[in-house]
Structure formats: structure tokens, C-alpha cells
Amino acid sequence: MNESMKRARDIITGYSGRPLRIMEVCGTHTHEIFRLGIRKLLPEQISLISGPGCPVCVTAVGFIDEAIWLALEKGCIICTFGDLIRVPGTEMSLAGARAKGGDIRPVYSPLDAVALAKEHPDQQVVFLAVGFETTTPSACLAAKQAKAAGLTNFSLLTANKTMPNAYQALVGSADAFLYPGHVNAITGNGTCIRLCEAQGVSGVVAGFTASELLTALAVTIRLLEKGEPFFRNCYPRVVKDEGNPAAIALMNEVMEPCDSEWRGLGMIPGSGMKLRAEYADYDARVKYAMPVITGKPNPACRCGDVLQGKIRPCDCKVFGKGCTPMHPVGACMVSDEGACAAYYQYS
Ligand code: SF4
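Residues numbered from 1 in each chain as written. Predicted model: local features only at pLDDT ≥ 70, side-chain atom pairs only at ≥ 80, totals over all residues.

Quick question: what am I supposed to make of the site of the ligand here?
For the ligand, the set of nearby residues contains 15 residues, the closest of which are Cys301, Cys316, Cys323, Gly330 and Cys340. A class-by-class count of the residues in the shell around the ligand yields 13 nonpolar, 1 polar and 1 charged. (Near = placed C-beta within 6 Å. Nonpolar A, V, L, I, M, F, W, Y, C, P; charged D, E, K, R; others polar.)

Put into C-alpha cells, the structure is as follows:
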């Protein structure tokens, strides 16, 4: 541990002021803070609460049902990031759909799904586009490449989400946000600066190493002690105020804002991204005239409260009993970025 890390550690462990609630907006922060043992340093006055920044966790139950409909009713090959496969839908997960004969394939990138469509021109391929500003550009690139190649057997089922309106829904739920560094690397810091200046919302952009997380927490604590709203970028080696203009331009070229349903949080106006009309041929809902499919979450699952920092995962009655990583009841226990999975693995 170098000197600056020791100083940050001492600020954290030496804190003895009023109770503080700091929200890890990003699920990767939750996991890294657990994994690096940083939680053990926290005095009891500091609570780290989980937020909605896990793309799989916030994907609505109805989206899983829509994907299953495409697999089983329309016979499409469903390509998806792997951790979505075990997320429960209303009646089954995509793994369950696979057991019923659905062709469900994990991929590492949307471009893998485009390549699969090129290899199998006689089959329809649908990529499940979930995630925040971090992953949305790659889905946009896939749609653009498919259109440029004239593919007629590739489409996207979109549930892409954006953070600004989610922050609005979370205002007041914590004393400060630990902002997700990889999202801000794309979007820049404008939203966070405006939240601070216009609404007095405090927060710090954090990276993911031990040094970066200790620094971000120490800065947050010091500035909360002063009592004035603040914004600081503690991840400047990656995050610039202007973000990534090329990625932003690509997203705006291919997609446009829409209302979006968040698991547990409900419909948040303007918090999603959907394909523009010029890309309607690549929109699975349009292409397959999909009926309205409304999912029903398991009533025992309290992912919504976990994702808003209202409860800890271990406060859910089925945590570690009916709900484990092997037998997840909710999405937060499935994903590598899920808060319930982090608590189960490390606490
Ligand atoms: S422990 Fe399981 S059921 Fe409870 S909130 Fe977490 S994912 Fe949902």
C-alpha cells in the first residue's frame, strides 16, 4: 500500500462524524469494494448502499418473456450476454427456454451475433441489447454493420438504459453517489455536474482499483464533512468532462430516447434507448409484430428495494435460503454485478 492509499485508508477508518449513506451506483463497484476488503475498513457510521447500476439486474421481467417468445414462438436464435440466460422471467428463464428447445447462445459482443447471422442466412438471429451507455454503442455498431451488409436475418431486442433519469429517481436516497467510472467515460460528467449545481446532489466518479476506490471514498467523506454539495472526478485517467464524442455520436445516430421499464423501479420516462425509425427493420419488436408482453416478478423478490438502496440484500427473506446463485429468484442474485450475488459471495 503506497502513501496516498494509506492516507485515504486513514481518512476512512478515522471517520467519526454523523452517519453517512454512500450509494455505489455501479454493481462492479459493489463487487470490487467487497472483494478488496474495503467494506471491512468502514466505521459503523458509514453505510455503503447498492444502486441500480447492474444492467442485468434492472432488465425487466417482461423483457425476458419477450426474448423467450422470440425463441419459442418465432424460432429465432437468441444471442445474449451469458448472465442474462439464468435471469428469471415470469414462467422460466432463457435457460428454461433452451431446455424446451429454444436456441439460446451466449456471445461476448453484439458483433458476434452479426457474424452468426452472416454464417446462417437461413436462420433469424436476435441479439438481446441490454446495458447502459457503456455497452449501448456496441449494439448500435452491430445494427449499423448489419444494415450496411444488407442483412435481413438480424435484429435487436432492445432494453438499453441511460443513467440521467435514473439518478433523478434516486435523488434523496443517499448523501452522495459513487458514480460509475465506465459510464462517465462515455457520457462525460455533464449530468453529474448539473445534478450538483441545480439540485445539490453530491457525488464522486470512481475507478475500480483499490487505490481509486479508497481515494474516491476518502474524498467523498472529506467533502461530506464540509457540508456543501460537490462533484469530483476521481477517475481522471479515463473519464473526461466531454466523455467519448464518437460513441455518443454513434448512439445518437442509431438510437433515440424512450421510456423504459426498470426491474423493481417501474417505468422511468426517457430512461431508455430504442432504435430509430431508419433502423426499424432491425428492431425485433417491429419485425415480428410482437404483442405487448408484461412480465410478473416473483412476489418474494425484493430486487427493486435492493436496487434503490432501501434494503440490504440480506434483509430479503429468501436471501441465501430460497435464493442462491445456483437457484436465483431474482436478477440481483444472478449477475456478476448483482448486489445480492456480491453479498452472498463475500459477506
Ligand atoms: S435475495 Fe434473491 S429474491 Fe431477494 S432481492 Fe436478492 S435476488 Fe431478489
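I keep staring at the sheet that holds strand β2 (residues 46–53) and nothing clicks. Help me out?
The strands that make up a sheet are held in pairs by hydrogen bonds between backbone atoms, and each pair lies either parallel or antiparallel. In spatial order, the strands read β2-β1-β7-β8-β9; together these 5 strands make up an open sheet with parallel pairing. Each edge of the open sheet carries a strand with a single partner, namely β2 and β9 (231–233). Within this sheet the neighbouring strands show an average axis-to-axis angle of 20 degrees, counted without direction. Relative to β2, strand β1 (residues 20–26) runs parallel, the two being bridged by 6 bridges. In the strand pairing of β2, Glu24 is matched with Ser50. In the packing of helix α2 (residues 27–35) onto the sheet, contacts are made with β1, β2, β7 (176–180) and β8 (203–206), and the angle to β1 comes to roughly 115 degrees. Of the strands in this sheet, β7, β8 and β9 touch helix α10 (residues 190–199), which is tilted by about 155 degrees from β9. (Pairing = 2+ DSSP bridges. Helix = DSSP H or I, 4+ residues; strand = E, 2+ residues; numbered from the N terminus. Axes fitted to C-alpha atoms, helices over the stretch in contact; angles between N-to-C directions. Contact = placed C-beta atoms within 7 Å.)

Explanation requested: the pairing of β7 in the structure shown.
Side-chain direction in a regular strand flips from residue to residue, so the side chains alternate between the two faces of the sheet. When you tally the buried positions in β7, you get 5 out of 5 residues, the bulk of the element. Here β1 pairs with β7 via 3 bridges, running parallel. Residue pairing across strands places Met23 opposite Phe177, the latter belonging to β7. Alignment of β7 against β8, held across 4 bridges, turns out to be parallel. (Buried ≥ 20, exposed ≤ 12 C-beta atoms within 10 Å, placed from the backbone.)

When you look at the packing of helix α7 (residues 136–148) against helix α12 (residues 245–254) in this model, what are you seeing that I'm missing?
When two helices pack together, their arrangement is given by the angle between their axes and by how far apart the axes lie. Following both chains from N to C, one finds α7 and α12 inclined at 55 degrees, their axes separated by 9 Å at the closest point. Compared by their axis directions, α7 and α12 come out oblique. Viewed along their axes, α7 and α12 form a crossing whose handedness is left-handed. For the pair formed by α7 and α12, the contact residues are Thr136, Pro137, Cys140, Leu141, Ala143 and Lys144 on the first element and Ala247, Leu250, Met251 and Val254 on the second. (Parallel < 35°, antiparallel > 145°, perpendicular 65-115°, else oblique. Left-handed = near helix turned anticlockwise from the far one by under 90°.)

This is a description of form; function is not addressed.
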